[in-house]
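Inside the fold
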Amino acid sequence: MFEIIGLLTAFIGIFVLRAKNIDFYIAITAAALIIGLTSGAPVRILFDVLIQTLSAYNTWNLVSAVDLITVLGYALKETGLMVNFIEGLSNILPGNILMATIPALFGFLSMPGGALMSAPFIEPEADKLGLKPEHKSYYNVWFRHLLYWVNPITSSTIMAVSLSGIPVTTWLRVQSPLFFVMAAIGFIASRGFIETPQKNEGPKGLTMDAMKGGLPIVVTVALTLYGIPIWASLAAGTLTAMLLGRVKPDKTVEIVSKGIRWDLVLAIISMLYLRDMISTSGSVVKLFEAVIASGVPVLAIAIVVPLFIGAISGSPAMGVGIAFPILLPLFGEVNIHLTSIVFLGITCTYITSPLHLCLVLTNNYFNSDLNKVIRYTAPSCLALYLIGLAYHLFLYRM
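Please read these numbers as outputs of a predicted model, since none were measured by experiment.

Description of the overall build of the protein chain
In terms of helices and strands, the protein chain carries 22 helices and zero strands. Relative to a compact globule of 398 residues, whose C-alpha radius of gyration would be 21 Å, the protein chain shows 22 Å and is just as compact. Judged by the C-alpha coordinates and their principal axes, the protein chain covers about 70 × 50 × 40 Å. Within the protein chain, counting contacts between residues at least 6 apart in sequence, those at least 24 apart form 81% of the total. Summing over all exposed atoms, the protein chain offers an accessible surface of approximately 17000 Å²; the carbon and sulfur share of this is 67%.

The following block contains the structure:
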């Protein structure tokens, strides 16, 4: 019983510390220590598990992958490749498609608050189309997260496949229908936004120089789907960006050093430490036995708990890092549809949460009414969640 109290205390403690703006990695590490100290094992379990985490190949594989995502994003920004690519697209795409494409492309640049990067590119196009501030915010937030279901190099996807052990190609194959669902919901919800039709300048607007801006992303995604390790694919994509941008050696060092997010390194290590501590201590086994004895269906936990985690985590990757180590062991053998329900719940409530940094920054940039923006995002997220839940439950029951 003491182990269960420790596990629940650790879980609640994460959110209490985060509410006080304590760094994520400190909150997660504190939770791991609580679980270890209440597990009934000798105190050396804290050090044994830490050594286990730091010596695991998967730890540094994941750290390298997430670090290189931010380096690639920074490289595309500094070289101007992404800017040129989007400017070329603006000459050939219809207004509503362009308004969805710009934030979706910037969605490849996985970084906290990244929607602020796409906002300046949306604004001139949105003004031509007569969009209100709340409409601009909806486009920027909703479609920025469209590629979560098909992009192998988003941090949340990397975290999900690393913590669950599900192959990335299998994961994306199962998630991919939600890409089309989310796109359809976005276009339906925004169908009345555009007041002024946009004139198309024709294919001449998309030059070869503009097209090469998308090549680093194509290289990265193609290599990942081919089975190359994600960190190696990202390194190849970053190198491609450097070569296309004709970056000098001294500038290359600057881009790499500024692109690395050390807070993310510590966050990833702490999340893996928490996972290993939960596994080694056996606390989840005790919790599982208690859940079964109480008659609470595991499926209900998989559906309800992630909704709260996504709403307050402030990041889908961090939400996955909290939820997966605690919830997946309750399911026994890994089931991709139960795992996907957890991922779905985290993602949907994260998108429309007032703690969502992209939502807050976008709202501030466009001077929109946050309550009105949430009136658009909340029904869209609810529709996405219900359709996604029905989809996964159907396949889970088969």
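Read on for the rest.
Section: the nonpolar core
Within the largest apolar cluster, 121 residues are counted, with the highest numbers of intra-cluster contacts made by W142, W171, F324 and F331. Element by element, the count of residues in this core is highest for helix α16 (residues 262–281), at 11 residues. What F331 contacts, discounting residues up to four positions off in sequence, is V298, A302, L338 and V342.

Concerning the pattern of salt bridges
Under the definition given, this model contains five salt bridges. A salt bridge links D48 to R44, with the nearest nitrogen and oxygen atoms 3.7 Å apart. Here D48 falls in the partly exposed class, since its relative accessible area comes to 42%. Between E254 and K251 there is a salt bridge, and its shortest N-O distance comes to 3.5 Å.

Points about unusual backbone geometry
A positive phi is found at R246, a non-glycine position, where the angle reads about 50°. Under the relative-accessibility criterion, R246 is labelled exposed at 74%. Of note, the phi angle at N367 is positive, near 55°, even though the residue is not glycine. Mapped onto the elements, N367 comes out in the loop between α21 (357–366) and α22 (370–397).

With respect to the side chain of T339
Turning to its location among the elements, T339 is positioned in helix α20 (residues 336–352). The buried category is assigned to T339, whose relative accessible area is 1%. Filtering out sequence-adjacent residues up to four positions away, T339 remains in contact with S164, I166, W171, F324, L328 and V334.

Digging into the side chain of T362
Mapped onto the fold, T362 is located in helix α21. In contact with T362, other than residues within four places in its own chain, are A115, S137, N140 and V141.

What to know about helix α4 (residues 57–79)
Here α4 is 23 residues long and its end C-alpha atoms lie 32 Å apart, about the 33 Å a rise of 1.5 Å per residue gives. Where α4 terminates, the next one or two residues include G80, which has phi positive at roughly 80°.

A word on the packing of helix α8 (residues 133–144) against helix α11 (residues 177–189)
Their axes nearest at 10 Å, the elements α8 and α11 cross at an angle of 175°. Between α8 and α11, the crossing angle belongs to the class labelled roughly antiparallel. From α8, Y138, W142 and F143 reach across to α11, where they touch M182, A183, I185, G186, F187 and A189. Each residue belonging to the contact of α8 with α11 can be placed in one class, and the counts come to eight nonpolar, one polar and no charged.

With respect to α21
For α21, the full list of buried residues reads C358, L359, T362, N363 and F366. Buried residues of α21, seen end-on, are gathered within an arc of 125° and therefore sit on one face of the element. Directly beyond the C-terminal end of α21, a positive phi value near 55° is found at N367.

Here is what the cut-offs are and how they apply
Residues numbered from 1 in each chain as written. Predicted model: local features only at pLDDT ≥ 70, side-chain atom pairs only at ≥ 80, totals over all residues. Heavy atoms only, no water. Helix = DSSP H or I, 4+ residues; strand = E, 2+ residues; numbered from the N terminus. Rg over C-alpha atoms; globule rule 2.2 N^0.38 Å. Contact = heavy atoms within 4.5 Å. Areas by Shrake-Rupley, 256 points an atom, 1.4 Å probe, with all protein chains shown as cover. Core = buried A, V, L, I, M, F, W, Y, C linked by side-chain atoms within 4.5 Å. Buried < 20%, exposed > 50% of the residue type's maximum accessible area, 1.4 Å probe, protein only. Salt bridge = Lys/Arg side-chain N within 4 Å of Asp/Glu carboxyl O. Expected span 1.5 Å × (residues − 1). Axes fitted to C-alpha atoms, helices over the stretch in contact; angles between N-to-C directions. Parallel < 35°, antiparallel > 145°, perpendicular 65-115°, else oblique. Nonpolar A, V, L, I, M, F, W, Y, C, P; charged D, E, K, R; others polar. Arc of directions from axis to C-beta.

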